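Architecture at a glance
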Amino acid sequence: MDIRVQDAAFDLGLETNAFAARQSGMGAVVTFTGIVRDLDKGALSAMEIEHYPGMTQKALEAIATEARERWNLGDVMVIHRYGRLHPDEMIMMVATSARHRADAFQAAEFLMDFLKSRAPFWKKEVTQEGAEWVAAKDVDEDALKRW
Amino acid sequence: MMDVLYFAWVRERVGHPKDRIETNPATVMELVEDLRAREPRYEAAFSDLAALRVAIDQELADFDAPLNGAREVAFFPPMTGG
């Protein structure tokens, strides 16, 4: 299990290759990457991500551990950034490996659903007009019910 | 003695990231009532509990949870990770 909370950027290709190279006997690697999405009007100047340093690592590890209990996985990796990010920058990634792809896909989706609303991160959108906290969406909370 | 932490707009409304509490509230709700009684900016931060989440010693908890021996309580809005 490789869980990292960092302000630095990461190299998706490098991380994906390194993760895949560490696996043995796994038939599938799934990755997901979250990217700072500009507002419809192209007005986003930055996305500020705050987190709860004492809790974040533990919360991510607990989510990853639960994924490993539910699916037959080889390994799990999560990288989640904080700080001031700009449109098109990568915020986070997850990677899962499994002998068969269904486990890897489902575990990656599970990780994303729980990362959205159970990991202590808060996003703030900064535009010319000011800054606004991103509100949690009901649809994200509802997504947890399917697991 | 207990540290109370605030994040995101809760921190902005309270005006600082952390308080040290010397009293011993029995539950999260009692702690909230103590904080609300302090100053209007706390009342503003804690006016709608449905919009808040709480963690006790870095684990998510409920507002009716007991605080026996807790060293750190954090209040924040629903999380928006990913």
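To be clear, the structure that these remarks concern was listed above.
Residues numbered from 1 in each chain as written. Chains lettered and ligands numbered in written order. Predicted model: local features only at pLDDT ≥ 70, side-chain atom pairs only at ≥ 80, totals over all residues. Heavy atoms only, no water.

1. A short note on the overall build of chain B
Within chain B one finds 3 helices and 5 strands. Reading the helices (α) and strands (β) of chain B from amino to carboxyl end gives β-α-β-α-α-β-β-β. The C-alpha atoms of chain B give a radius of gyration of 12 Å, which matches the 12 Å a tight globule of 82 residues would have. Projected onto the principal axes, the alpha-carbon positions of chain B cover approximately 30 × 30 × 20 Å. By the burial criterion, 49% of the 82 residues in chain B qualify as buried. Pairs at least 24 apart in sequence give 50% of the contacts found in chain B among residues at least 6 apart. Placing the 9 positive and 15 negative side-chain charges of chain B at their respective mean positions leaves the two points 6 Å apart. (Helix = DSSP H or I, 4+ residues; strand = E, 2+ residues; numbered from the N terminus. Rg over C-alpha atoms; globule rule 2.2 N^0.38 Å. Buried < 20%, exposed > 50% of the residue type's maximum accessible area, 1.4 Å probe, protein only. Contact = heavy atoms within 4.5 Å. Lys, Arg positive; Asp, Glu negative; His and termini not counted. Charge placed at Lys NZ, Arg CZ, Asp CG, Glu CD.)

2. Quick word on the packing of aromatic side chains
Think of a pair of aromatic rings as described by two things: how far the centres are apart, and how the planes are tilted against each other in angle. Residues and elements named next belong to chain B. By the definition in use, this model includes 13 aromatic pairs over all chains. Cluster of aromatic residues (ring-pair linked, three or more members): Y6, Y42, F46, F63 and F75. Across from the ring centre of Y42, 5.6 Å away, lies the NZ or CZ of R38, which sits over that ring. (Phe/Tyr/Trp six-rings, centres within 6.5 Å; stacked < 30°, edge-to-face > 60°. Lys NZ or Arg CZ within 6 Å of the ring centre and 35° of its normal.)

3. Quick word on the pattern of salt bridges
Residues and elements named next belong to chain A. Using the criterion set out here, one finds 19 salt bridges over all chains in the structure. The residue D75 makes a salt bridge to R68 at a minimum N-O spacing of 3.9 Å. Accessibility expressed as a relative area gives 12% for D75, which makes it buried. Ionic pairing is found between R146 and D113, a salt bridge with its closest N-O pair at 2.8 Å. With a gap of 33 residues between them, R146 in the segment after α4 (138-143) and D113 in helix α3 (residues 101-118) connect regions that are remote in the sequence. In this structure, a network of salt bridges that share partners links the residues D2, R4, E15 and R22. (Salt bridge = Lys/Arg side-chain N within 4 Å of Asp/Glu carboxyl O.)

4. Thoughts on the interface of chain A and chain B
At the junction of the two partners, chain A supplies 25 residues and chain B supplies 19 residues. Of the roughly 1,800 Å² buried at the junction of chain A and chain B (both faces included), carbon and sulfur atoms supply 58%. Three residues stand out in chain A for area buried against chain B, namely A:Y52, A:W122 and A:W133, and they jointly supply 35% of the buried area on that side. The interface formed by chain A and chain B includes 2 salt bridges. Between B:R11 and A:E50 there is a salt bridge whose closest N-O contact spans 2.4 Å. The interface formed by chain A and chain B holds 13 residue pairs in polar contact (both at pLDDT 80 or more) in total. Contributions of two or more residues to the side of chain A that touches chain B are made by β3 (44-51), α2 (53-70), β6 (90-98), α3 and β7 (121-127) of chain A. In terms of residue count, α3(A) provides more of the side of chain A that touches chain B than any other element does, 5 residues in total. For the side of chain A that touches chain B, the residue count by class is 15 nonpolar, 4 polar and 6 charged. (Buried area = accessible area lost by both parts, 1.4 Å probe. Polar contact = N/O pair within 3.5 Å; in protein donor to acceptor, adjacent residues only side chain to side chain. Nonpolar A, V, L, I, M, F, W, Y, C, P; charged D, E, K, R; others polar.)

5. Quick look at the environment of B:T27
Residue and element names in this part refer to chain B. Tracing the backbone shows T27 in the loop between β2 (18-21) and α2 (28-36). Distance in space between the C-alpha atoms of T27 and D48 is 18 Å, their sequence separation being 21 residues. What T27 contacts, discounting residues up to four positions off in sequence, is D64, A65, P66 and L67.

6. Topic: the layout of surface pockets
In this structure, the largest pocket encloses a volume near 770 Å³. Looking at the largest pocket, it is lined by 35 residues, and the ones nearest its centre are A:K116, A:D140, B:M79, B:T80 and B:G81. Of all elements in the fold, only β2 (28-35), α3, β7 and α4 of chain A together with β3 (53-56) and β4 (59-61) of chain B reach the threshold of two or more residues within the lining of the largest pocket. By residue class, the composition of the lining of the largest pocket is 17 nonpolar, 5 polar and 13 charged. By volume, the second largest pocket is sized at about 240 Å³. Along the walls of the second largest pocket sit A:M55, A:K58, A:A59, A:A62, A:I63, A:E66, A:F110, A:F114, A:R118, B:Q58, B:E59 and B:L60, which together make up its complete lining. Where the lining of the second largest pocket is concerned, the elements lending two or more residues are α2 and α3 of chain A together with β4 of chain B. (1 Å grid on protein atoms, 1.4 Å probe; cavity = no way out; pocket = protein on both sides within 12 Å on 5 of 7 lines; lining within 4 Å. Points joined across faces, edges and corners; volume = space filled by probe spheres on them.)

7. A word on unusual backbone geometry
All names here are of chain B. Its identity is not glycine, yet A8 carries a phi of approximately 55°, on the positive side. Within the secondary structure, A8 sits in helix α1 (residues 8-14). Unusually for a residue other than glycine, Q58 sits at a positive phi of about 70°. Position of Q58 relative to the elements: it lies in the loop between β3 and β4.

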